[in-house]
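# An overview of the molecular structure
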Amino acid sequence: MSKSCPMMAMKKQSEHPCFGGDHGKAGRVHLPVAPGCNIKCGFCERKFDCANESRPGVTSRVLKPAEALERVRLLLRHPKVGDKLRVVGIAGPGDPLANERTFETFRLVKEAYPDMMLCLSTNGLLLPERIDEIAALDVHSLTVTINALTAETGAKVYEWVRYRGEVLRGEQGAALLLEKQLAGVEAAAARGLLVKVNHVYIPGVNDHETLDLAVKVRNLGATMMNIIPVIPIGLFKDIAPPSDAVMEMVRNQAELILSQARHCRQCRADAAGLVGQDIDLAELHAQAG
Ligand code: SF4
Ligand code: SF4
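Calculation criteria
Residues numbered from 1 in each chain as written. Chains lettered and ligands numbered in written order. Predicted model: local features only at pLDDT ≥ 70, side-chain atom pairs only at ≥ 80, totals over all residues. Heavy atoms only, no water. UniProt positions renumbered as here; feature names shortened; annotations may be inferred. Helix = DSSP H or I, 4+ residues; strand = E, 2+ residues; numbered from the N terminus. Buried < 20%, exposed > 50% of the residue type's maximum accessible area, 1.4 Å probe, protein only. Contact = heavy atoms within 4.5 Å. Areas by Shrake-Rupley, 256 points an atom, 1.4 Å probe, with all protein chains shown as cover. Axes fitted to C-alpha atoms, helices over the stretch in contact; angles between N-to-C directions. Parallel < 35°, antiparallel > 145°, perpendicular 65-115°, else oblique. Left-handed = near helix turned anticlockwise from the far one by under 90°. Nonpolar A, V, L, I, M, F, W, Y, C, P; charged D, E, K, R; others polar. Near = heavy atom within 4 Å. Expected span 1.5 Å × (residues − 1). Pairing = 2+ DSSP bridges. pLDDT = per-residue confidence, 0-100. Salt bridge = Lys/Arg side-chain N within 4 Å of Asp/Glu carboxyl O.

In the annotation of an unreviewed UniProt entry, the entry for the protein chain reads Radical SAM protein, and the organism field reads Geoalkalibacter halelectricus. Word for word, the UniProt comment on the protein chain under Sequence similarities (unreviewed entry) is "Belongs to the radical SAM superfamily. NifB family." Of the protein chain, the UniProt comment under Pathway (unreviewed entry) reads exactly: "Cofactor biosynthesis; Fe-Mo cofactor biosynthesis."

In structure tokens form, the structure reads like this:
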């Protein structure tokens, strides 16, 4: 079991708008500084210059760390968001840990705004080896996306995994990813980070492992789970996504094991503002001249 304290975890949860805090009162920005990824999920289609699509992995453009810091500065001066911005997150459009810019950006933000909560989403492949740096940056919350609990299922979800210059396919790649994800969840919880596990629910592919995954990550110290219906794109373009009723049933069952993040809106990699009331970034930068 992890050494994380349940009381501390509850306090931390109430501070973050997406982990149990108030979406209407606290704002967040995702800084899209991380274009590269070290795995290929079958359902992933990352897009740039796409202003009309709202889902993870989508951003209008990728920012350099200094530009990302400038975006935070502009948001803090914005009349609607400025006094509400609490969380600076990095969630893509690729995997944040596969991009050194993630760490540089967090350093810049922490230096300029020490009270800002930092939040990170990752596929977890590099989590065990970067967790000390993440903890040293005082990252508040971490989301690890785990879509399979066995190598057999993982081989159907992930096309490949690239680790230390080597591309691993099939069960070999999936097994390595799973090992790193579980070790990373445990290490992060043991260091006091708030850990949420995202899980893309793919009917007929990984749905038989969802509840066992909830048990596994709860035992490793995760405090929340977010089960997301698959978007029918990429390898899974022909799959029928689960109905709302099925998602409700699965989340109800998983809730008996681990608290469920039902309010998540699957925001874009460059979302900014209050959740559900994102501000227009082109306008934000245009006004700044
Ligand atoms: Fe896409 Fe994220 Fe999967 Fe990488 S980890 S392939 S960016 S969904
Ligand atoms: Fe919050 Fe979910 Fe949006 Fe992240 S994707 S900012 S957790 S609502």
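Additional details are given in the paragraphs that follow.
## Points about the overall build of the protein chain
Of regular secondary structure, the protein chain possesses nine helices and 11 strands. Within the protein chain, the proportion of its 289 residues that are buried is 52%. For the protein chain, the share of sequence-separated contacts (at least 6 apart) that also reach a separation of at least 24 residues comes to 74%. Carbon and sulfur atoms make up 52% of the accessible area of the protein chain, which totals about 12,900 Å².

## Quick notes on the packing of helix α2 (residues 65-76) against helix α3 (residues 100-112)
Running from amino to carboxyl end, α2 crosses α3 at an angle of 40 degrees, the nearest separation of the two axes being 9 Å. Between α2 and α3, the interaxial angle falls into the category oblique. As α2 packs across α3, the resulting crossing turns out to be right-handed. Here α2 contributes Pro65, Ala66, Ala68, Leu69 and Val72 to the contact with α3, which in turn contributes Arg101, Glu104, Thr105, Leu108, Val109 and Ala112. Residues that form the contact of α2 with α3 fall into these classes: eight nonpolar, one polar and two charged.

## Digging into the site of ligand 2
Ligand 2 sits among 10 residues. The nearest are Cys18, Arg28, Cys264, Arg265 and Cys267. Its residues assigned to classes, the shell around ligand 2 comprises four nonpolar, three polar and three charged.

## Structural notes on α3
For the α-helix, the turn length of 3.6 residues means that residues three or four positions removed from each other point alike. In this model α3 runs 19 Å from its N-terminal to its C-terminal C-alpha over 13 residues, within 8% of the 18 Å that 1.5 Å per residue would give. Here the buried face of α3 lies against α2, β3 (85-90), β4 (117-122), α4 (127-136) and β5 (139-145).

## A word on the sheet that holds β5
Hydrogen bonds along the backbone pair up the strands of a sheet, which may run parallel or antiparallel. In space, the eight strands of this open sheet follow the order β9-β8-β5-β4-β3-β1-β10-β11, with mixed pairing throughout. Across the chains shown, the open sheet's two edge strands, defined by having one partner strand only, are β9 (224-229) and β11 (277-278). Of the strand pairs in this sheet, β5 and strand β8 (residues 194-201) are connected by five bridges, and their pairing is parallel. Residue Ser141 lies in a different strand from β8, and its bridge partner there is Leu194. Sheet strands in contact with α4 are β4 and β5, and its direction is about 160 degrees off that of β5.

## Quick notes on the confidence of the model for the protein chain
Low pLDDT means the predicted atomic positions in that stretch should not be read closely. On average, residues of the protein chain score 88 in pLDDT, and 87% of them are at 70 or above. Confidence scores differ between elements of the protein chain, with helix α1 (residues 6-15) showing the lowest mean pLDDT of 60 and helix α7 (residues 210-220) the highest of 98. Below a pLDDT of 50 lies the segment residues 48-54, which in the model reaches 19 contacts outside its immediate sequence neighbourhood of four places, other chains included.

## Some words on the pattern of salt bridges
Counting across every chain of the model gives 12 salt bridges. Put simply, Glu129 and Arg164 hold a salt bridge, and the shortest N to O gap is 3.7 Å. You can see Glu129 sitting in helix α4 and its partner Arg164 sitting in the loop between β6 (158-163) and β7 (166-169), a full 35 residues away along the chain. On the accessibility criterion, Glu129 (36% relative accessible area) is partly exposed. For Arg164, a relative accessible area of 68% translates into the label exposed. Residues Glu133 and Arg130 are paired through a salt bridge, measuring 2.8 Å at the closest nitrogen-oxygen approach. Taken together, the positions of Glu133 and Arg130, both in helix α4 and three residues apart, correspond to about one turn of that helix. Looking at Arg130, the relative accessible area reads 12%, which means it is buried. What emerges from the salt-bridge pattern is a single network uniting Glu100, Arg130 and Glu133.

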